[in-house]
Amino acid sequence: MSTLVIQDLHVAIDGKEILKGLNLTLNTNEIHAIMGPNGTGKSTLASAIMGHPKYEVTSGSVTLDGEDVLEMEVDERAQAGLFLAMQYPSEITGVTNADFLRSAINSRREEGDEISIMKFIRELDSKMEYLEMDQDMAQRYLNEGFSGGEKKRNEILQLMMLQPKFAILDEIDSGLDIDALKVVSKGINQMRGEGFGCLIITHYQRLLNYITPDHVHVMMQGRVVKSGGPELAHKLEAQGYDWIKEELGIED
Ligand code: ADP
Ligand code: MG
Ligand code: MG
């Protein structure tokens, strides 16, 4: 089992504190969802874990099986088994989707133990078929001219090919039609298991109709303020966030 521990994390952007002591522990074999109002720091959390230079960690820690993630370079975080959809540049001209994936897989392997081309192609083909993706997507330049739905599907393809220990998926459901939403969910559900843990950041309960999370957390004003099971997401969908603010005495 692997564990990702976020402890008392404080993060500032341009000197303004956005995360104000966030605590969260993820284990493999668990799916967690974070919900919360706009502007509460959900994407900041994802960006800080991925090591985006604009996000300054002012105190607190993030560890993966005891290793200090915050000390790692961005590519070292990926090699350690973290998958952050946004770590990949939105468009890379001249690099095909397949080339990109193969080099990303190999960068996590020892030298001399690179994946064979045949094995890579077999896996890529079967996973693209599973995600109902056009085979020509493999030879297209990464994200160039991909529609919103194709980008999201492609992120799930990356996830399934790279087999990380932990994935943090920020609004993977935004802008998806219902068919794409089902396919994306199918991919995440297939990843579920012993060696994989996932943090899904979402505004809407909708995605959680297809992926039942083990734990649901509410984030407000830069902290996790409430945690529960899947029923918490249903309650938020029905009642919004005001009851939590009242319960906790949080002012807007
Ligand atoms: P959420 O994802 O929960 O909607 P964000 O993490 O995107 O919230 O934003 C939290 C706060 O940080 C907001 O007030 C937002 O304006 C601010 N913020 C986020 N990213 C940046 C940035 N790159 N530069 C300046 N302010 C930012
Ligand atoms: Mg603190
Ligand atoms: Mg966001």
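Everything discussed here concerns the structure shown above.
A brief look at the structure comes next. (Residues numbered from 1 in each chain as written. Chains lettered and ligands numbered in written order. Predicted model: local features only at pLDDT ≥ 70, side-chain atom pairs only at ≥ 80, totals over all residues.)

**A few points about the sheet that holds strand β10 (residues 223-228)**
Within a beta sheet, neighbouring strands are joined by backbone hydrogen bonds and run either parallel or antiparallel to one another. Ordered by their spatial adjacency, six strands build an open sheet running β6-β7-β8-β3-β9-β10, and the pairing between neighbours is mixed. At either end of the open sheet lies a strand with only one pairing partner, and these are β6 (82-84) and β10. In this sheet, adjacent strand axes meet at a mean angle of 20 degrees when their direction is disregarded. Here strand β3 (residues 31-35) runs beside strand β8 (residues 197-201); their pairing, made up of four bridges, is parallel. Paired with I31 across the two strands is C198, which belongs to β8. Packing of helix α1 (residues 42-50) onto the sheet brings it into contact with β3, β6, β7 (166-170), β8 and β9 (215-220), and relative to β7 it is tilted by some 140 degrees. (Pairing = 2+ DSSP bridges. Helix = DSSP H or I, 4+ residues; strand = E, 2+ residues; numbered from the N terminus. Axes fitted to C-alpha atoms, helices over the stretch in contact; angles between N-to-C directions. Contact = placed C-beta atoms within 7 Å.)

**A closer look at helix α7 (residues 230-239)**
Turning to α7, its buried residues are L232, A233 and L236. Looking down the long axis of α7, one finds its buried residues gathered within 100 degrees of arc, a one-sided arrangement. Exposed residues lying more than 90 degrees from the buried face of α7 are E231, A238 and Q239. Packing partners of the buried residues in α7 comprise β3, β9 and β10. One or two steps after α7, the chain reaches G240, where phi turns positive at roughly 70 degrees. (Buried ≥ 20, exposed ≤ 12 C-beta atoms within 10 Å, placed from the backbone. Arc of directions from axis to C-beta.)

**Some remarks on the site of ligand 1**
Every residue lining ligand 1 is accounted for by I13, D14, I18, G36, N38, G39, T40, G41, K42, S43, T44 and K54. Ranked by residues supplied to the shell around ligand 1, first place goes to α1 with three residues. Here the residues of the shell around ligand 1 sort into two nonpolar, seven polar and three charged. (Near = placed C-beta within 6 Å. Nonpolar A, V, L, I, M, F, W, Y, C, P; charged D, E, K, R; others polar.)

**A few points about the packing of helix α4 (residues 117-130) against helix α5 (residues 148-162)**
Close contact between α4 and α5 brings their axes to 10 Å; oriented N to C, the two are set at 135 degrees. Taken together, the axes of α4 and α5 lie oblique to each other. Along this stretch, α4 crosses α5, giving a crossing that reads as right-handed. In this structure, α4 contributes E123, L124, K127 and M128 to the contact, and α5 contributes L157, M160 and M161. When its residues are assigned to classes, the contact of α4 with α5 shows five nonpolar, no polar and two charged. (Parallel < 35°, antiparallel > 145°, perpendicular 65-115°, else oblique. Left-handed = near helix turned anticlockwise from the far one by under 90°.)

**Details of the packing of α5 against helix α6 (residues 178-191)**
α6 packs onto α5 with a crossing angle of 10 degrees between their chain directions and a minimal axis gap of 10 Å. Here α5 is positioned roughly parallel relative to α6, judged by the angle of their axes. Contacts between α5 and α6 involve G149, K152, R153, I156, L159 and M160 from the former and A180, V183, V184, G187, I188, Q190 and M191 from the latter. Grouping the constituent residues of the contact of α5 with α6 by class yields eight nonpolar, three polar and two charged.

**Things to note about unusual backbone geometry**
Even without glycine at this site, D65 takes up a positive phi of about 50 degrees. Tracing the sequence through the fold places D65 in the loop between β4 (55-64) and β5 (67-68). You will see that E132, though not glycine, has its phi angle at about 55 degrees, which is positive. Tracing the sequence through the fold places E132 in the loop between α4 and α5. Take E132: there are 12 C-beta atoms within 10 Å of it, and that puts it in the exposed class.

**Overview of the sheet that holds strand β2 (residues 16-27)**
As summarised here, the arrangement of the four strands in space is β2-β1-β4-β5, forming an open sheet in which the pairing is antiparallel. Since the sheet does not close on itself, it has two edges, and those belong to β2 and β5, each with one partner. Of the pairings in the sheet, the one linking strand β1 (residues 3-13) to β4 comprises eight bridges and is antiparallel in character. If you follow A12 over to β4, its bridge partner there is E56.

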